[in-house]
Amino acid sequence: MRRVAITHVAQSSGAESRESLMDFTYQINREILDKAGLKREDVGCIIAGSADIFHSGLSCANAFDWDGIGAFLKEGSRAEESAMSFIYGCMRILSGHYDTVLVTALVKGSENPDNDPITSFYGDPFYLRPVGINESVVAAMQMRQYMERYKVTEEQCAKVAVKNLANALFNPYADRKRRVSLKDVMSSERVYDPLKALECAPKSDGVVSVLLASESRAKKLTKKPVWFAGYGCSMDHFNPGDRDLLNGQLKTAAAAAYKMAGVRDPKKKIDVAEVCEPYAFQELLWCEQLGFCGEGGGGKLIDSGATQMDGALPVNPSGGVLATNPYPARGLYRIAEAALQIKGEAGEHQVGKKVKTALAHSTHGFGGQCHSVVILSA
Amino acid sequence: MSKEEYRIVKGQVMVPYELALGRTWSEFYDYLKEEKIMGKKCGKCSRVLVPPRSFCPRCFEDMDEWVEVSQEGVVETWVYVNMPFFAQEIKIPFISAQIRLDGSDTGFIHQVAGIDLSDFDSVRETVKLGGRVKAVWSKEKKGNILDIAYFEPVK
Ligand SMILES: [Zn+2]
């Protein structure tokens, strides 16, 4: 099979930008082409990750962003979940049709309504929406079951926010920059009890791009290609009441990605993980389902310090989604950060250990309805 | 021009939709008007789904058999919502809960109310995982999910 590499990465800060979405998009995509020494005409095809009406107030937002990506007069497509944009991009190279693909994801969260009214539209208008559901409501339901079933404490959940926001202080692109103590998190407003305000992700701006290339092209473009090694994705039932909220589809997605990448023992093989945790406790639950610890062991995992920046398996050295949440782009941010860790180019939030294999995860939908797992290797 | 001088445009989008409930959900809401909570039973896996579907999403087969489920059930999980959000018509604080109605195999999402919601500590004493609740009906029926006003703890 052909191999695909990430050759270059560019990302914007998650803080509010006063640029228009088109200009904001152009700046990062111009930056990645300059880094690679390519012209727009040199890129094979373009895959975008963006969500139009709800996340931008524009229908067919791709028409507005398209110029900023340099995508007009080219083959291009778009997915609403940016981890899927990534895999579509890989496939255009794997199929042998292109040697380079530019994958980008973009949103200006600062311009649109809060996450809760937007995610309430995930629910159908006949049943779920009228009873007041949104992503935070389902996450809080999931958290209460998680604590009850496995005796994970509220403090252990809150520790994820303490860790990730501390990591974010070393990430120049992070949006929420604030050192918080366990007490700060525990005493922050109980917005959706048991969820507290500092355990919920903010709403951020963000444009992120990765340049993909075939093996022969990648070796000419960079000294440090990051190889695409595995991918898995799985989707659960639409209705949260049809599922076990603590046993969703992440295990299935991870198993597929590990199989493709030849990862037998993820706990040993994965050097660093960038996990999508819009709610603090979800990092613990996702770590269990990714096989970083046993079922119900998420609380002990955070207590052990293993997932800290200098731990045995650092999770979210970038600060994760709790620090920066450019909603439809956050999956590609995880992939870009995982690639930077392998390249050794993450700057002040580069983890202490040598990184050969990294995992990136993305999720969307109520309580992790859909999960994608990407494995990258040096 | 400094960054502060860049201008913004304020916008709001309001467009009407007409979304079909389909036969099964229309019938489900007609039953609610009669104060009956009906599910559909899968002939293959025997699960009873509430709200009902015209097909079993797991077996991917038609579901033809209507069954009435209990108006009482068990709280599987709950959340104390104390955060207003745009277009949400339910006044805060309210409790959103997933309830396993007796005789059904799915979680039914609705509100738990009929208790003093102002004091969170007392709410925690009253609403518990595994606690039993029962449906309280709205006096005026509109043929929608809010014909069940809420579920209240069984004393
Ligand atoms: Zn069935």
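We now turn to the structure provided with this report. On a predicted model such as this, the values are computed, not experimentally measured, just so you know. (Residues numbered from 1 in each chain as written. Chains lettered and ligands numbered in written order. Predicted model: local features only at pLDDT ≥ 70, side-chain atom pairs only at ≥ 80, totals over all residues. Heavy atoms only, no water.)

### Here's the deal with helix α6 (residues 135-150) of chain A
Think of an α-helix as 3.6 residues a turn; residues three or four steps apart then line up on the same face.
All names here are of chain A.
Here is step 1: With 16 residues, α6 extends 22 Å between its outermost C-alpha atoms, agreeing within 8% with the 22 Å of an ideal straight helix rising 1.5 Å per residue.
Here is step 2: With 14 of 16 residues buried, α6 lies mostly within the body of the structure.
Here is step 3: For α6, the N-terminal cap is N134; the gap from its side-chain oxygen to the backbone nitrogen of S136 is 2.8 Å.
Here is step 4: Backbone geometry just downstream of α6 places K151 in the positive-phi region, at approximately 55°. (Helix = DSSP H or I, 4+ residues; strand = E, 2+ residues; numbered from the N terminus. Expected span 1.5 Å × (residues − 1). Buried < 20%, exposed > 50% of the residue type's maximum accessible area, 1.4 Å probe, protein only. Polar contact = N/O pair within 3.5 Å; in protein donor to acceptor, adjacent residues only side chain to side chain.)

### Some details on the sheet that holds strand β4 (residues 100-108) of chain A
Residue and element names in this part refer to chain A.
Here is step 1: Strand order across the open sheet formed by nine strands is β3-β2-β4-β6-β1-β7-β10-β9-β8, with mixed pairing between neighbours. Two strands close off the open sheet at either side, each with one partner strand: β3 (75-79) and β8 (272-274). In this sheet, adjacent strand axes meet at a mean angle of 25° when their direction is disregarded.
Here is step 2: Pairing geometry for strand β7 (residues 226-235) and strand β10 (residues 370-377), over eight bridges, is antiparallel. (Pairing = 2+ DSSP bridges. Axes fitted to C-alpha atoms, helices over the stretch in contact; angles between N-to-C directions.)

### A word on the state of the cysteines
Here is step 1: In the structure shown here, the tally under the stated rule is zero disulfides over all chains.
Here is step 2: Of all cysteine sulfurs in the structure, the one in C370 of chain A sits closest to C233 of chain A, which takes part in no disulfide; the separation is 4.0 Å. (Disulfide = S-S within 2.5 Å.)

### Quick notes on the interface of chain A and chain B
Here is step 1: Across the contact, 33 residues belong to chain A and 38 residues belong to chain B.
Here is step 2: With both sides pooled, the region where chain A packs onto chain B buries about 3,300 Å², and carbon together with sulfur makes up 61% of that total.
Here is step 3: For chain A, the biggest contributors to the area lost against chain B are R18, F126 and Y127 of chain A; these three give 23% of the whole.
Here is step 4: Applying the counting rule to chain A against chain B returns three salt bridges.
Here is step 5: We note a salt bridge from R124 of chain B to E154 of chain A, for which the minimum N-O separation is 3.2 Å.
Here is step 6: Our count for the contact surface shared by chain A and chain B stands at 13 residue pairs in polar contact (both at pLDDT 80 or more).
Here is step 7: Mapped onto the side of chain A that touches chain B, the elements with two or more residues apiece are α5 (115-119), α6 and β5 (192-193) of chain A.
Here is step 8: Here the side of chain A that touches chain B gets six residues from one element, more than from any other, and that element is α6 of chain A.
Here is step 9: Taken together, the residues of the side of chain A that touches chain B sort by class into 15 nonpolar, seven polar and eleven charged. (Contact = heavy atoms within 4.5 Å. Buried area = accessible area lost by both parts, 1.4 Å probe. Salt bridge = Lys/Arg side-chain N within 4 Å of Asp/Glu carboxyl O. Nonpolar A, V, L, I, M, F, W, Y, C, P; charged D, E, K, R; others polar.)

Function-wise, these values are silent; they only describe arrangement.
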